[in-house]
Amino acid sequence: MRAVFKTEESMDDEMLKVNILTITVAGFLMLLTGVLLYLFRNSVSENIRFFLPIPPLGVAAYIFVFNLFNYYRGDLPGTVWDTTRELLYSAVASGIVFCVFITANVAITYWLKKIF
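Residues numbered from 1 in each chain as written. Predicted model: local features only at pLDDT ≥ 70, side-chain atom pairs only at ≥ 80, totals over all residues. Heavy atoms only, no water.

**Considering the packing of aromatic side chains**
The cut-off we apply is this: Paired rings are identified among Phe, Tyr and Trp, the last through its six-membered ring, by centres lying within 6.5 Å, and are further divided according to the angle between planes into stacked (under 30 degrees), edge-to-face (over 60) and tilted (the rest). Only protein chains enter the accessibility calculation, which uses a 1.4 Å probe; a residue is then buried when its area is under 20% of its type maximum, exposed when over 50%, and partly exposed in between. Here, a charge over a ring means that NZ of Lys or CZ of Arg falls within 6 Å of the ring centre while also lying within 35 degrees of the ring normal.
A full pass over the atoms with the stated rule returns one aromatic pair. When the centroid spacing of 4.9 Å and the interplanar angle of 85 degrees are considered together, the rings of Tyr71 and Tyr72 count as edge-to-face. Residue classification places Tyr72 among the partly exposed positions, given a relative accessible area of 26%. For Arg41, the ring lying beneath its charged end belongs to Tyr38, and the centroid distance is 4.3 Å.

**Overview of helix H4 (residues 54–71)**
The criterion, for reference: Numbering goes from the N terminus for both helices and strands, where a helix is a DSSP run of H or I of at least four residues and a strand is a run of E of at least two. What a helix is expected to span follows from its residue count: subtract one and scale by 1.5 Å. Our arc is simply the arc of the directions from the helix axis toward the C-beta atoms.
For H4, with 18 residues, the first-to-last C-alpha span of 25 Å sits near the 26 Å given by 1.5 Å per residue. The complete set of buried residues in H4 reads Gly58, Phe66 and Leu68. Buried residues of H4, viewed axially, fall in a sector of 155 degrees; they line one side. In H4, the exposed residues that point more than 90 degrees away from the buried face are Pro56 and Tyr71. Taken from the residues just after H4, Arg73 is the one with a positive phi, measuring 55 degrees.

All quantities given are derived from atomic positions and should not be read as evidence of function.
Take a look at the structure:
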């Protein structure tokens, strides 16, 4: 088995391709999400507060995917299970950070509202 080493230039081209593709896919997924939300707007309108974070989460997903490919030099980590594990770990870590941030934001906003 012959090892293939990417040159600096081909790696830059590869990461540019990955960057453009991740932006395109994120935009497409946001389009699909928007169309679905529009089609089910009557149901969504009652719970809109849960759907407003979708656009920034889409951007965060794009950044994660780009960084994942960048970290593994334009490829995915090992096997399907390695990739799945990477995705699950990042989802759990991101979920914990999201919960901490929204809890702190709610508490601090509530506290500041009482003061002012």
